[in-house]
Amino acid sequence: MIIYISYKFSEMDKFLLKEKLKMLSKALENQGNKTKVFFRDVQNWGDTQVKQEEILPKAYEMIKESDAIFAFVDVGEKSEGQLLEIGFAKAKGKKIVLAIKDGLGYKFLRMIADEVIEFENLDDLINQINAL
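Calculation rules
- Residues numbered from 1 in each chain as written.
- Predicted model: local features only at pLDDT ≥ 70, side-chain atom pairs only at ≥ 80, totals over all residues.
- Heavy atoms only, no water.
- Buried < 20%, exposed > 50% of the residue type's maximum accessible area, 1.4 Å probe, protein only.
- Helix = DSSP H or I, 4+ residues; strand = E, 2+ residues; numbered from the N terminus.
- Arc of directions from axis to C-beta.
- Polar contact = N/O pair within 3.5 Å; in protein donor to acceptor, adjacent residues only side chain to side chain.
- Axes fitted to C-alpha atoms, helices over the stretch in contact; angles between N-to-C directions.
- Left-handed = near helix turned anticlockwise from the far one by under 90°.
- Contact = heavy atoms within 4.5 Å.
- Nonpolar A, V, L, I, M, F, W, Y, C, P; charged D, E, K, R; others polar.

1. Regarding helix α6 (residues 122-130)
Every α-helix carries 3.6 residues per turn, so stepping three or four residues along brings you back to the same face. Every buried residue belonging to α6 is among Leu122, Leu125, Ile126 and Ile129, and all of these are buried. Viewed end-on, α6 has its buried residues packed into an arc of 100 degrees, placing them on one side of the element. Facing away from the buried side of α6 by more than 90 degrees, the exposed set consists of Asp123 and Asn127. Its side-chain oxygen 3.2 Å from the backbone nitrogen of Asp123, Asn121 forms the N-cap of α6.

Shown next, in the form of structure tokens:
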């Protein structure tokens, strides 16, 4: 299965985000999946700049090529880009897996997700992925 990993990018510590995405993609790949990560695959972990108007079209293309979207939500403040990615994936009939930190609301995302994984911290999420 090809899985597009969606995440909040703006206002995030890019070094920490990179480490989280590496761990998530490795855990999903260890389950026999292939992952697509915009920050890794298009932006080369920040070494390649992408114009603002090119981000969504490129992300949408990656989602079209994927079987599922893995929406990683570990902060309370919503991301417009992530919400657009999830909505696009839903409209395209892709499986939506919502991985959400315990205590965060997001009731509508929970309703449209095909699967919801709640986690306490990143290690807990990785352990849950490894148990699949």
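2. What to know about the packing of helix α3 (residues 52-64) against helix α4 (residues 80-91)
Relative to each other, α3 and α4 sit at 40 degrees, their axes nearing to 10 Å. Taken as a pair, α3 and α4 cross one another with a handedness that is right-handed. Residues Leu56, Ala59, Tyr60, Ile63 and Lys64 of α3 form the contact with α4, whose participating residues are Gly81, Leu84, Glu85, Phe88 and Ala89. Looking at the contact of α3 with α4, its residues break down into 7 nonpolar, 1 polar and 2 charged.

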